[in-house]
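# Tertiary structure, described
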Amino acid sequence: MEYTLAIYLIGMNLLGLWVMYADKRRAVKKAWRIPEKHLFGVSLLGGSLGTWAGMYLFHHKTKHWYFVFGMPAVFFVQVALFISLFANK
């Protein structure tokens, strides 16, 4: 189960990184944007580290307080859940 979870989290974080890159690129080109709820959705589904890293790698959404505080908050909640699930093993 741990292996499957690790593969899932790696995939979701790569997806999180990619969606931040794609949305930033679309913003620069003034093209259709990825909705913010989808960016947060990827984060909530396990891609929080990737979306958080993407914010700063691509300088995207760093002026929105709900991203600046929300992405790290989601990440730390997920880390706490992960620790609580696997600390007893």
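Check the entry above for the structure.
What you are looking at is a predicted structure, and each value in this text was computed from that prediction instead of being measured.

Definitions and cut-offs
- Residues numbered from 1 in each chain as written.
- Predicted model: local features only at pLDDT ≥ 70, side-chain atom pairs only at ≥ 80, totals over all residues.
- Heavy atoms only, no water.
- Phe/Tyr/Trp six-rings, centres within 6.5 Å; stacked < 30°, edge-to-face > 60°.
- Buried < 20%, exposed > 50% of the residue type's maximum accessible area, 1.4 Å probe, protein only.
- Helix = DSSP H or I, 4+ residues; strand = E, 2+ residues; numbered from the N terminus.
- Contact = heavy atoms within 4.5 Å.
- Core = buried A, V, L, I, M, F, W, Y, C linked by side-chain atoms within 4.5 Å.
- Expected span 1.5 Å × (residues − 1).
- Salt bridge = Lys/Arg side-chain N within 4 Å of Asp/Glu carboxyl O.

Counted by the stated rule, this structure contains eight aromatic pairs. Measuring from ring centre to ring centre gives 5.4 Å for tyrosine 66 and phenylalanine 67, while their planes differ by 50 degrees; the resulting arrangement is tilted. By relative accessible area, phenylalanine 67 is classed as buried at 0%.

The next point concerns the side chain of threonine 51. By secondary structure assignment, the location of threonine 51 is in helix H2 (residues 36–57). You can call threonine 51 buried: its relative accessible area is 0%. Beyond its immediate stretch of four places on either side in the chain, threonine 51 contacts Gly16, Leu17, Val19, Met20, Leu39, Val42, Ser43 and Met71.

As a further point, take the nonpolar core. Counting residues in each nonpolar core, the largest one holds eleven residues, listed as Met12, Val19, Met20, Ala22, Ile34, Leu39, Phe40, Val42, Met55, Phe67 and Met71. At the level of secondary structure, the elements contributing two or more residues to this core comprise helix H1 (2–28), H2 and helix H3 (65–86). Once residues lying within four places of it in the same chain are set aside, the contact partners of isoleucine 34 are Val19, Ala22, Asp23, Arg26 and Leu39.

Quick look at H1 now. With 27 residues, H1 extends 39 Å between its outermost C-alpha atoms, agreeing within 8% with the 39 Å of an ideal straight helix rising 1.5 Å per residue. Within H1, the full set of buried residues consists of Met12, Asn13, Gly16, Val19, Met20, Ala22 and Asp23. Contact partners of the buried residues in H1: H2. Just beyond H1, the residue with positive phi is lysine 30, at close to 55 degrees.

On to the pattern of salt bridges. Scanning the entire structure with this criterion turns up two salt bridges. Between arginine 33 and aspartate 23 there is a salt bridge, with its nearest N and O atoms 3.0 Å apart. Of the two residues, arginine 33 is situated in the loop between H1 and H2 and aspartate 23 in helix H1; the sequence distance between them amounts to ten residues. The class of arginine 33 is partly exposed, set by a relative accessible area of 32%. On the basis of relative accessible area, aspartate 23 is assigned to the buried category, the value being 0%.

On to the environment of leucine 5. With respect to the helices and strands, leucine 5 occurs in helix H1. Spatially, the C-alpha atom of leucine 5 lies 9.9 Å from that of glycine 46, the residues being 41 residues apart in sequence. For leucine 5, the residues in contact, after removing those within four places along its chain, are Phe82 and Phe86.

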